[in-house]
Amino acid sequence: MVENKGSDKAFNYVVLVIMLLITFCICLPLLYVLANSFSSANMVNKGAVFLFPREFTFEHYKKVLTDASILRGFGNTLLYVVLGTLIQLFLQFSAAYPLSRKDLKGRTFFSVYFSLTMFVSAGMIPTYLVVKGLGMLNTIWAMIVPGCVSVFNIVVIRTFMQSLPWDMQEAAMLDGCGNIKMFFVIVLPLCRAIIAVMVLYSIVGYWNAYFNSLLYVTNDKLFPLQRVIQRILVANDASSSIGGNLGVGEQGLTSEVLKYVTIVVSSLPLIVIYPFFNKYFETGLMIGGLKG
């Protein structure tokens, strides 16, 4: 068979060019935000900054990272991320494991019942009434409990667990291993890849969450970081400052600069942790998504 090396090389070059264009489109706004966040307020207000900082300074970051509302938002978001991730993992894996078992009675019924919720939802107002009826308004649970279980994630976890050797579980059952012990001792250690995927999904979801705070939280002491940033981004006064105590005027930290600084500060933790999950993320997602 004659290999068409010329067309293969042309295809590779086309793919390379497309990937470079996509990379450029992704990196351009990131570089723009970084350049503005490290530039002086005067240069940013003049629109003189594009890809490289003008009048480089760390002063904006110092003021943002010492502001009470930003720090409180960071603390609240970390609390929501930790508690929400633990609760989400427990509930989703507890639901996925029985559905992955071939000997579960009514397995098809429960799978269909769960799947229906992906396409049919009660809506915003009934959900609000449920949250209110449970007394979760203006509490941390309003940011954690609603939406803490994703049926899509359960399906992915179930599919991953179905790819595990069933003979190993049968052998454990013959040795007298109960279902709970088998779940924690045998199944979970084999699910490190999909656990990493779900942890990353949960962290990103809770870290970027702000809509629940718009619906269920009015106490600014419970606002997550994204809600604090959202209030900054919609500010109309270019000379307003966080909490009103960061200074105004030409040399002050204006809200225009705050937009870029807070975007960097809020995005950096996710950018930092992603490389540690990348290997498990790719493996777990491919196995969970393709094997049935």
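**Some words on the pattern of salt bridges**
Then, in step 1: Tallied over the full model, the rule gives 1 salt bridge.
Then, in step 2: A salt bridge links Arg 101 to Asp 103; the nearest nitrogen and oxygen atoms lie 2.8 Å apart.
Then, in step 3: For Arg 101, a relative accessible area of 6% puts it in the buried group.

**What about the confidence of the model for the protein chain?**
Then, in step 1: Summarising the model, the protein chain shows a mean pLDDT of 81, and 85% of its residues fall at 70 or more.
Then, in step 2: Of all secondary-structure elements in the protein chain, the lowest mean pLDDT belongs to helix H14 (residues 255-290), at 72, while helix H7 (residues 141-144) reaches the highest, 92.
Then, in step 3: Below pLDDT 50 for its whole length, residues 238-252 participates in 30 contacts with residues either more than four positions away or in separate chains.

**Brief notes about the packing of helix H4 (residues 68-100) against helix H11 (residues 192-207)**
Then, in step 1: At a minimum axis distance of 9 Å, the contact between H4 and H11 shows a crossing angle of 140°. Put simply, H4 runs oblique to H11. Both H4 and H11 take part in a crossing whose hand is right-handed. Contacts between H4 and H11 involve Phe 74, Thr 77, Leu 78, Tyr 80, Val 81, Gly 84, Thr 85, Gln 88, Leu 89, Gln 92 and Phe 93 on the former and, on the latter, Ile 194, Ile 195, Met 198, Val 199, Ser 202, Ile 203, Tyr 206 and Trp 207.
Then, in step 2: Considering only residue class, the contact of H4 with H11 consists of 13 nonpolar, 6 polar and no charged.

**Here's the deal with the packing of aromatic side chains**
Then, in step 1: As enumerated under the stated definition, the model contains 13 aromatic pairs in all.
Then, in step 2: Taking 5.4 Å as the distance between ring centres and 70° as the angle between the ring planes, the aromatic pair formed by Phe 109 and Phe 110 counts as edge-to-face.
Then, in step 3: On the basis of an interplanar angle of 70° and a centroid distance of 5.0 Å, the ring pair of Phe 183 and Phe 184 is categorised as edge-to-face.
Then, in step 4: Residue classification places Phe 183 among the buried positions, given a relative accessible area of 10%.
Then, in step 5: With a relative accessible area of 47%, Phe 184 lands in the partly exposed category.

**What to know about a nonpolar patch on the surface**
Then, in step 1: There is a patch of nonpolar side chains on the surface, built from Phe 11, Val 14, Val 15, Ile 18, Met 19, Ile 22, Ile 26 and Leu 30 and spanning about 740 Å² of accessible area.
Then, in step 2: Take Leu 30: it is sitting in helix H1 (residues 5-37).

**Digging into the side chain of Ser 100**
Then, in step 1: Within the secondary structure, Ser 100 sits in helix H4.
Then, in step 2: What makes Ser 100 buried here is its relative accessible area of 10%.
Then, in step 3: Once residues lying within four places of it in the same chain are set aside, the contact partners of Ser 100 are Arg 107, Arg 158, Met 161 and Gln 162.

Rules used throughout
Per chain, residues are indexed from 1 in the order of the written sequence. Residues qualify for local features only when their pLDDT is at least 70, as the model is predicted, and side-chain atom pairs are given and counted only at 80 or more; totals for whole chains, interfaces and linings, by contrast, use all residues. Side-chain metrics rest on all non-hydrogen atoms present in the structure, leaving aside hydrogens and water. Here, a salt bridge means any side-chain nitrogen of Lys or Arg that lies within 4 Å of a carboxyl oxygen of Asp or Glu. Working definition: with a 1.4 Å probe on protein chains only, accessible area under 20% of the residue-type maximum means buried, over 50% means exposed, and in between means partly exposed. The quantity known as pLDDT measures the predictor's confidence residue by residue, on a range of 0 to 100. Only runs of H or I of at least four residues qualify as helices and only runs of E of at least two qualify as strands under DSSP, and these elements are numbered from the N terminus. The contact criterion used throughout is that any non-hydrogen atoms of two residues lie within 4.5 Å. Axis definition: a line fitted to C-alpha atoms, limited for helices to the stretch in contact. Angles are taken between N-to-C directions and run from 0 to 180 degrees. Geometric relationships in this document are graded by angle, where less than 35 degrees denotes roughly parallel, more than 145 denotes roughly antiparallel, 65 to 115 denotes roughly perpendicular, and other angles denote oblique. Here is the rule for handedness: rotate from the far helix to the near one, and if that takes an anticlockwise turn smaller than a right angle the crossing is left-handed, while a clockwise turn gives right-handed. The residue classification treats Ala, Val, Leu, Ile, Met, Phe, Trp, Tyr, Cys and Pro as nonpolar and Asp, Glu, Lys and Arg as charged. All others, Gly included, are polar. Centres within 6.5 Å make a pair out of two Phe, Tyr or Trp rings, where for Trp the six-membered ring is used; the pair is then stacked when the planes are under 30 degrees apart, edge-to-face when over 60, and tilted otherwise. Candidates for patches are residues over 30% relative accessible area with no salt bridge; among them, like charges are joined within 9 Å and nonpolar side chains (Val, Leu, Ile, Met, Phe, Trp, Tyr) within 5 Å. Only the protein chains shown count as cover for residues, and all accessible areas are computed by the Shrake-Rupley method using a 1.4 Å probe.

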